[in-house]
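Given next are the chains, with one letter for each unit.
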Amino acid sequence: MTWSQNLRKRLKSGVFLSRYTTFRIGGKARFFIEPKNVKELTAVIKEARKAKVPYYILGNGSNLLVSDKGINGVVIKLSSPYFKKASFKKNIIDAGAGLNLGQMIEKARNKGLGGCEFLSGIPATVGGAVMMNAGARGDSISGLIKEVKVLDKNGKVGTLGKGKLKFGYRKSNLSQYILLSAKIKLEKRPKGEIGQRISDYLSVRRQTQDTGKPNAGCVFKNPAGDSAGRLIDLCGLKGKRVRDAQVSFRHANFIVNRGRAKAEDVLKLASFVKQRVKERFGVALEEEIKIWQ
Ligand code: EPU
């Protein structure tokens, strides 16, 4: 693969993706780049497409299982300051794709703007959260989105308003794009009240979910009208292990990495869990986490 001289200087090779996933699992990326701005991002995707090298956008790596064999392509992380910018117009925050949700919530709070506190504790970037319509406690980020800015496969920047956006439970119609930023509608609220709501959400999360050991959040989507965690728990699978991959004792829809788990161990354990839930309840669980292999 021959990259232009400019990109050759900027691309890293052989970067361990386990450093960038909350599971702390994943082999090496053949190429890895944190583009400085949209211009550089566009150059990467254009050159990669021309050379038929697949590219992958890495958010916070928190809903992701990366193969132990690594990724034979370009992994792009939107973590430079350019992609972490946020600006305000009245009660709307225009948040860069690389900004973490926690940082976004905090910036909004400082302006006396609330309404997005339910996202507290979700370890995602704005980009990742919008792409998969992250949510908690019955609310999803889609309910707040006014408009998004995207880059298409041909390197064209565009804006999609509400009419063009479709969201479902943990899904969006944006997978063909790279999300650059999102305009999120908030409400004026007293700062103290916002702060209290943030603490309440974080505290419930700490009580009900595994925050100690590396994990990727809920492994499976909830089947309609039920909770995957509840079903897995009823199968008696809390604590079940495949080597260092283990079903969390705290929340059965979490798999934790006890230290040296491989992607292969997680996949074996997830497949065992699916089989058990299918046998016992006739429910086919579907993965919520993204798998790169
Ligand atoms: N439950 C059990 N055992 C368990 C886990 C849960 O019996 O091991 C029961 C709980 O007691 C409760 C019910 O199942 O009665 C639902 O549990 P919880 O409130 O923890 O919510 P959940 O449906 O398991 C969903 C989201 C979470 C989100 C929480 C809180 C999915 C797959 N999960 O979990 O999102 O944080 O609600 O809003 O949509 C994620 O997306 O990665 C994630 C963790």
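Attention here is on the structure that accompanies the text.

Conventions we followed
Residues numbered from 1 in each chain as written. Predicted model: local features only at pLDDT ≥ 70, side-chain atom pairs only at ≥ 80, totals over all residues. Heavy atoms only, no water. Near = heavy atom within 4 Å. Polar contact = N/O pair within 3.5 Å; in protein donor to acceptor, adjacent residues only side chain to side chain. Helix = DSSP H or I, 4+ residues; strand = E, 2+ residues; numbered from the N terminus. Nonpolar A, V, L, I, M, F, W, Y, C, P; charged D, E, K, R; others polar. Pairing = 2+ DSSP bridges. Phe/Tyr/Trp six-rings, centres within 6.5 Å; stacked < 30°, edge-to-face > 60°. Buried < 20%, exposed > 50% of the residue type's maximum accessible area, 1.4 Å probe, protein only. Core = buried A, V, L, I, M, F, W, Y, C linked by side-chain atoms within 4.5 Å. Contact = heavy atoms within 4.5 Å. Axes fitted to C-alpha atoms, helices over the stretch in contact; angles between N-to-C directions. Expected span 1.5 Å × (residues − 1). Arc of directions from axis to C-beta.

Some details on the site of the ligand
Stage number 1. Of all residues adjacent to the ligand, which total 20 residues, the nearest are Arg137, Tyr169, Cys218, Asn222 and Asp233.
Stage number 2. Taking histidine 251, its side chain carries an N or O atom lying 2.9 Å from an oxygen atom of the ligand.
Stage number 3. Those elements that place two or more of their residues in the shell around the ligand are strand E17 (215-218) and helix H6 (228-234).
Stage number 4. Here the residues of the shell around the ligand are counted per class, giving six nonpolar, seven polar and seven charged.

So, the sheet that holds strand E5 (residues 71-77)
Stage number 1. The four strands lie next to each other as E1-E2-E5-E3, forming an open sheet whose pairing is mixed. Pairing within the sheet leaves two strands with one partner each, and these edge strands are strand E1 (15-16) and strand E3 (55-58).
Stage number 2. By the bridge criterion, four bridges tie E3 to E5 in an arrangement that is parallel. Bridge assignment links isoleucine 57 to a residue of E5, and that residue is isoleucine 76.

Some words on the packing of aromatic side chains
Stage number 1. Per the stated rule, a full pass over the model turns up four aromatic pairs.
Stage number 2. Seen from their ring centres, tyrosine 56 and tryptophan 292 are 5.0 Å apart, and the 50° between their planes marks the pair as tilted. With tyrosine 56 in strand E3 and tryptophan 292 in strand E21 (residues 290-292), the pair connects residues that are 236 residues apart, well separated along the chain.
Stage number 3. Accessibility expressed as a relative area gives 11% for tryptophan 292, which makes it buried.

Digging into the nonpolar core
Most often, soluble globular proteins keep nonpolar side chains buried together rather than apart.
Stage number 1. Ranked by internal contacts, the top residues of the largest apolar core, which has 51 residues, are Val74, Leu101, Met104, Leu119, Val130, Val148 and Ile184.
Stage number 2. Methionine 104 has contacts with Ile93, Ala95, Leu99, Cys116, Leu119, Val126 and Ile184, leaving out every residue within four places of it along the chain.
Stage number 3. If you look at the next biggest cluster of nonpolar residues, it comprises 25 residues, including Val247, Val266, Ala270 and Val277.

Thoughts on the sheet that holds strand E6 (residues 86-89)
Stage number 1. Strand order in this open sheet of five strands is E6-E7-E15-E11-E12, and the pairing throughout is antiparallel. In this open sheet, the two strands that pair with only one neighbour each are E6 and strand E12 (157-161). Strand after strand, the sheet turns through a mean of 20° between neighbouring axes, direction not considered.
Stage number 2. Sheet contacts for helix H3 (residues 101-110): E6, strand E7 (92-96) and strand E15 (178-185); angle to E6, the most-contacted strand, approximately 35°.

Observations regarding helix H5 (residues 191-208)
Stage number 1. Taking 1.5 Å of rise per residue, 18 residues should cover 26 Å, and H5 covers 26 Å from first to last C-alpha, within 8% of that figure.
Stage number 2. Among the residues of H5, those classed as buried are Ile194, Gly195, Ile198 and Arg205. Taken end-on, H5 shows its buried residues confined to a sector of 100°, consistent with a single buried face. Exposed and facing more than 90 degrees away from the buried side of H5 are Gly192 and Gln207.
Stage number 3. For H5, the secondary structure elements touched by its buried residues are H3, strand E8 (113-114) and strand E9 (135-136).

Let's talk about the environment of asparagine 215
Stage number 1. With respect to the helices, strands and loops of the structure, asparagine 215 is situated in strand E17.
Stage number 2. Note on asparagine 215: relative accessible area 11%, which makes it buried.
Stage number 3. Distance from asparagine 215 to arginine 258, taken between C-alpha atoms, is 9.3 Å for residues 43 residues apart in sequence.
Stage number 4. Apart from the residues within four sequence positions on either side, asparagine 215 is in contact with Thr22, Phe23, Asp210, Phe254, Ile255 and Val256.
Stage number 5. Within polar-contact distance, the side chain of asparagine 215 engages the backbone oxygen of lysine 213 at 3.0 Å.

Brief notes about unusual backbone geometry
Stage number 1. Phi is positive for arginine 170, which is not a glycine, with a value near 55°.
Stage number 2. Assignment of secondary structure puts arginine 170 in the loop between strand E13 (167-168) and strand E14 (171-172).
Stage number 3. Of note in the backbone geometry, arginine 243 takes a positive phi value of approximately 45° without being a glycine.
Stage number 4. Mapped onto the fold, arginine 243 is located in the loop between strand E18 (241-242) and strand E19 (245-247).
Stage number 5. Judged by its relative accessible area of 55%, arginine 243 falls in the exposed class.

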